[in-house]
Amino acid sequence: MNASCANAASGQARYRKLKDYWNEVEGGRVQKISLHAGCSCPNRDGTLGSGGCLYCSNEAFTPAYCRGATTMEEQIREGIAFQQRRYPRAVGFLGYLQAYTNTYGNEEVLEEIYRIVLAEPRLCGIVIGTRPDCLPDRLLDWLGEAAQHHGKHLYFEIGVESFSDTILRAMNRGHTFAQSEEALRRLAERGFRTGAHFLVGFPGETWHSFFEQVDLLNALPLHSVKVHQLQIYRDTPLAEWWHRRPGDFSFPEKEAYFAAAARWLERVRPGLFIDRLFGDAPRRFTERGGWNERLDSIVAQFDAYLETHDIRQGRKAYSPARSIG
Ligand code: SF4
């Protein structure tokens with residue numbers, strides 16, 4: 001049992017934060033640095049579709065030091081320098097490939113990019129964000145072997161987004177929930193640690209109803225989950241939808257969202273790490289859905305809410321499921 005598990009068991013932690021897992025395995029603060037691999041997305045380049053998911057705004061996920069014609073080496077250098085200034089006590093950095101679909105494209109090109117990231121001594125690992133339908137066996141095998149060779153963490157973040165195929169279709173995701181389940185199973189069978197990303201509050205689904213589907217989440221072979229409220233990015237098809245039919249959307253007030261998320265947490269299996277529960281996209285990118293507060297302030301308020309209401313992850317009935325510790 002590592003220390004973060006011990007904290008949860010001894011009552012010190014109200015829920016298992018993924019950042020505590022990283023801090024524990026690396027012995028201090030670990031900071032992600034965003035990197036841009038130059039990938040595209042099958043839902044944008046015409047393979048599956050050309051319009052992309054209705055809410056997609058890759059610009060919002062791409063920090064300034066990743067934009068322009070910078071090499072991967074330059075991005076790593078600038079990303080680490082940037083985060084070192086913000087967090088001088090960080091002991092390690094994770095390369096985080098978030099925007100676009102980072103296991104999609106020419107596999108030799110992808111391997112060349114990942115070889116650079118994995119060989120970088122100042123990075124302790126890599127977090128790869130991708131779609132559930134873009135996980136070729138050969139690339140997974142290569143990534144597993146390369147990460148092991150360099151002694152680096154390899155973590156996947158899969159965009160599951162919703163349990164509902166109706167919602168996935170309406171958002172033009174181009175995949176089903178069953179495809180996500182299958183992808184997570186394949187990653188788990190390889191022993192890879194994996195997180196899933198979900199958005200709460202798509203039209204046709206209230207954020208209440210999302211949180212009611214916790215048993216489906218508990219049954220997935222996941223190491224962590226990242227959930228946040230829907231935020232509408234500027235200049236996206238979803239923003240157009242919202243302007244046309246604002247009544248289709250329901251944006252939670254922060255306090256009401258806290259209450260729903262807290263009830264959900266009580267039913268989340270104890271072994272699952274929580275990567276994130278709130279969105280804080282910069283206001284310049286969003287039209288609606290943000291609370292215009294810093295993430296660390298929102299998290300501190302939520303932690304205080306859990307304390308006040310004596311809420312703890314997994315305290316209520318939950319479906320036991322396979323967990324990767
Ligand atoms: S899969 Fe990701 S990158 Fe592709 S369109 Fe959807 S949100 Fe954007």
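As a reminder, the structure under discussion sits directly above these lines.
The paragraphs below set out a description of the structure included in this document. Remember, it's a predicted structure, so these values are computed and weren't measured experimentally. (Residues numbered from 1 in each chain as written. Predicted model: local features only at pLDDT ≥ 70, side-chain atom pairs only at ≥ 80, totals over all residues. Heavy atoms only, no water.)

**Observations regarding the packing of helix α4 (residues 107-119) against helix α5 (residues 137-150)**
Move 1: Orientation of α4 relative to α5, taken along the N-to-C sense of each, is 20°, at an axis distance of 10 Å. Viewed along their axes, α4 and α5 adopt a mutual orientation that is roughly parallel. Crossing hand, α4 versus α5: right-handed. For the pair α4 and α5, contact is made by E107, L110, E111, Y114, R115, L118 and A119 and by R138, L139, W142, L143, A146, A147 and H150, respectively. (Axes fitted to C-alpha atoms, helices over the stretch in contact; angles between N-to-C directions. Helix = DSSP H or I, 4+ residues; strand = E, 2+ residues; numbered from the N terminus. Parallel < 35°, antiparallel > 145°, perpendicular 65-115°, else oblique. Left-handed = near helix turned anticlockwise from the far one by under 90°. Contact = heavy atoms within 4.5 Å.)

**A few points about the nonpolar core**
Move 1: Grouped together as the largest cluster of nonpolar side chains are 66 residues, with contacts concentrated most on F156, F198, L217, V227, W264 and F302.
Move 2: Broken down by element, this core gets its largest block of residues, seven residues, from helix α11 (residues 254-267).
Move 3: Beyond its immediate stretch of four places on either side in the chain, V227 contacts F198, V200, F210, F211, Y257, W264, R276, L277 and F278.
Move 4: Judged by nonpolar contacts, the second largest core, of 16 residues, contains L54, M171, L199 and W241. (Core = buried A, V, L, I, M, F, W, Y, C linked by side-chain atoms within 4.5 Å. Buried < 20%, exposed > 50% of the residue type's maximum accessible area, 1.4 Å probe, protein only.)

**Section: the sheet that holds strand β1 (residues 30-35)**
Move 1: Taken together, seven strands build an open sheet; the order of strands is β1-β2-β3-β4-β5-β6-β8 and the sheet is parallel. Taken across any chain shown, the strands that pair with only one partner, and hence form the sheet edges, are β1 and β8 (273-276). Across the sheet, the axes of successive neighbouring strands diverge by a mean angle of 25°, strand direction being ignored.
Move 2: On the sheet, helix α2 (residues 18-26) packs against β1, β2 (92-97), β3 (123-130), β4 (153-161), β5 (193-200), β6 (224-229) and β8 and is oriented at approximately 170° with respect to β4. (Pairing = 2+ DSSP bridges.)

**A short note on the site of the ligand**
Move 1: Looking at the ligand, the residues that line it are C41, R44, G52, C53, C56, N58, Y100, R131 and R173.
Move 2: Partitioning the shell around the ligand into residue classes produces four nonpolar, two polar and three charged. (Near = heavy atom within 4 Å. Nonpolar A, V, L, I, M, F, W, Y, C, P; charged D, E, K, R; others polar.)

**Thoughts on the packing of aromatic side chains**
Here the distance between the centres and the angle between the planes together describe a pair of aromatic rings.
Move 1: Tallied over the entire structure, the rule returns 23 aromatic pairs.
Move 2: Seen from their ring centres, F156 and F192 are 5.3 Å apart, and the 45° between their planes marks the pair as tilted. Of this pair, F156 sits in strand β4 while F192 sits in the loop between α7 (177-189) and β5; the two residues are 36 residues apart in sequence, bridging distant segments of the chain.
Move 3: Since its relative accessible area comes to 0%, F156 is described here as buried.
Move 4: You can call F192 buried: its relative accessible area is 10%. (Phe/Tyr/Trp six-rings, centres within 6.5 Å; stacked < 30°, edge-to-face > 60°.)

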